[in-house]
Amino acid sequence: MSSELRAALVYVLLAFALGFVLGPLRELLLAPALGRVGALLVELPLLLAACWWLAPRVMRRVPPGVGRLRAGFAALALLLFLEFTLGMVLRGWDFPTWLESFWTAHGAVTLAGYWLFALIPYWRGVGARG
């Protein structure tokens, strides 16, 4: 397994685990008071801050630049697979239903978070020495 794929796997598993803990707290504690989008807007910066901290530690053996960009997008692909699987298991969604969920305000914020998650390893590697 390449260093990029190994780093992507660790990055996504750590981020997903944190999201798995924060998600129920968001839905049960914050969403009733703030609404789903408001709750997500509280949770997402916490997740992205954790990714900002994690990325250089997990990606230290991945060369900056294209290597970290590839690792970030590999992590994104893995995250999308995990998120779809979780939606299937917990919500009974099929693939079209999952795709449709992104056409909501909550889904748009989620997609923006996914893109930031994928780009953080690259951004954290800019100016770093491989």
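Residues numbered from 1 in each chain as written. Predicted model: local features only at pLDDT ≥ 70, side-chain atom pairs only at ≥ 80, totals over all residues. Heavy atoms only, no water.

Participant: Honestly, the pattern of salt bridges in this entry has me stumped. Any pointers?
Facilitator: Oppositely charged side chains may form a pair once their charged atoms are brought near each other. In total, this model carries 4 salt bridges according to the counting rule given. Notably, a salt bridge pairs Arg-70 with Glu-4, separated by 2.7 Å at the nearest N-O pair. With Arg-70 in helix H2 (residues 66-91) and Glu-4 in helix H1 (residues 3-58), this pair connects stretches of sequence that are 66 residues apart. For Glu-4, a relative accessible area of 17% translates into the label buried. Here Glu-43 ties to Arg-26 by a salt bridge, and the two come within 2.3 Å at their closest N and O atoms. Taken together, the salt bridges that share partners define one network made up of Arg-26, Glu-27, Arg-36 and Glu-43. (Salt bridge = Lys/Arg side-chain N within 4 Å of Asp/Glu carboxyl O. Helix = DSSP H or I, 4+ residues; strand = E, 2+ residues; numbered from the N terminus. Buried < 20%, exposed > 50% of the residue type's maximum accessible area, 1.4 Å probe, protein only.)

Participant: Any chance you could explain the packing of H1 against helix H4 (residues 105-125) here in plain terms?
Facilitator: The description of two packed helices rests on the angle between their axes and on the distance between the axes. Across the interface, H1 lies against H4 with an axial gap of 10 Å and an inter-helix angle of 15 degrees. Here H1 is positioned roughly parallel relative to H4, judged by the angle of their axes. At the point where H1 passes H4, the crossing takes the right-handed sense. Of the residues assigned to the contact of H1 with H4, the class counts are 19 nonpolar, 3 polar and 3 charged. (Axes fitted to C-alpha atoms, helices over the stretch in contact; angles between N-to-C directions. Parallel < 35°, antiparallel > 145°, perpendicular 65-115°, else oblique. Left-handed = near helix turned anticlockwise from the far one by under 90°. Nonpolar A, V, L, I, M, F, W, Y, C, P; charged D, E, K, R; others polar.)

Participant: How should I be thinking about the environment of Phe-84 in this particular structure?
Facilitator: Locating Phe-84 in the fold gives a position in helix H2. Assessed through its relative accessible area of 16%, Phe-84 is described here as buried. When the C-alpha positions of Phe-84 and Pro-121 are compared, they lie 23 Å apart, and in sequence the two are 37 residues distant. Not counting the four nearest positions on each side in its chain, Phe-84 is found in contact with Asp-94, Phe-95 and Trp-98. (Contact = heavy atoms within 4.5 Å.)

Participant: Help me understand the packing of aromatic side chains, please; the structure alone is not making it clear to me.
Facilitator: Applying the stated criterion across every chain yields a total of 8 aromatic pairs. Taking 5.7 Å as the distance between ring centres and 40 degrees as the angle between the ring planes, the aromatic pair formed by Phe-95 and Trp-98 counts as tilted. You can see Phe-95 and its partner Trp-98 sitting in helix H3 (residues 95-100), 3 residues apart, about one turn around the helix. Residue Phe-95 is classed as partly exposed on the basis of its relative accessible area, which comes to 43%. Aromatic side chains Trp-98 and Phe-102 sit 5.1 Å apart centroid to centroid with 80 degrees between the ring planes, which places their arrangement in the edge-to-face category. On the basis of relative accessible area, Trp-98 is assigned to the buried category, the value being 8%. Each member of the aromatic cluster is reached from another via a ring pair, and the members are Phe-84, Phe-95, Trp-98, Phe-102 and Tyr-114. (Phe/Tyr/Trp six-rings, centres within 6.5 Å; stacked < 30°, edge-to-face > 60°.)

Participant: Hey, could you run me through the nonpolar core in this one?
Facilitator: In a soluble, globular protein the nonpolar side chains are often hidden away together inside. In this structure, Tyr-11, Cys-51, Met-59, Ala-75, Leu-79, Phe-117 and Ile-120 are the most contacted members of the largest nonpolar core, which totals 27 residues. Mapped onto this core, the elements with two or more residues apiece are H1, H2 and H4. Here the element with the most residues in this core is H1; it accounts for 13 residues. Ignoring sequence-local partners within four residues, the contact set of Tyr-11 consists of Cys-51, Ala-55, Val-58, Met-59, Ala-75, Phe-117, Ile-120 and Pro-121. (Core = buried A, V, L, I, M, F, W, Y, C linked by side-chain atoms within 4.5 Å.)

Distances and angles like these do not, on their own, reveal function.
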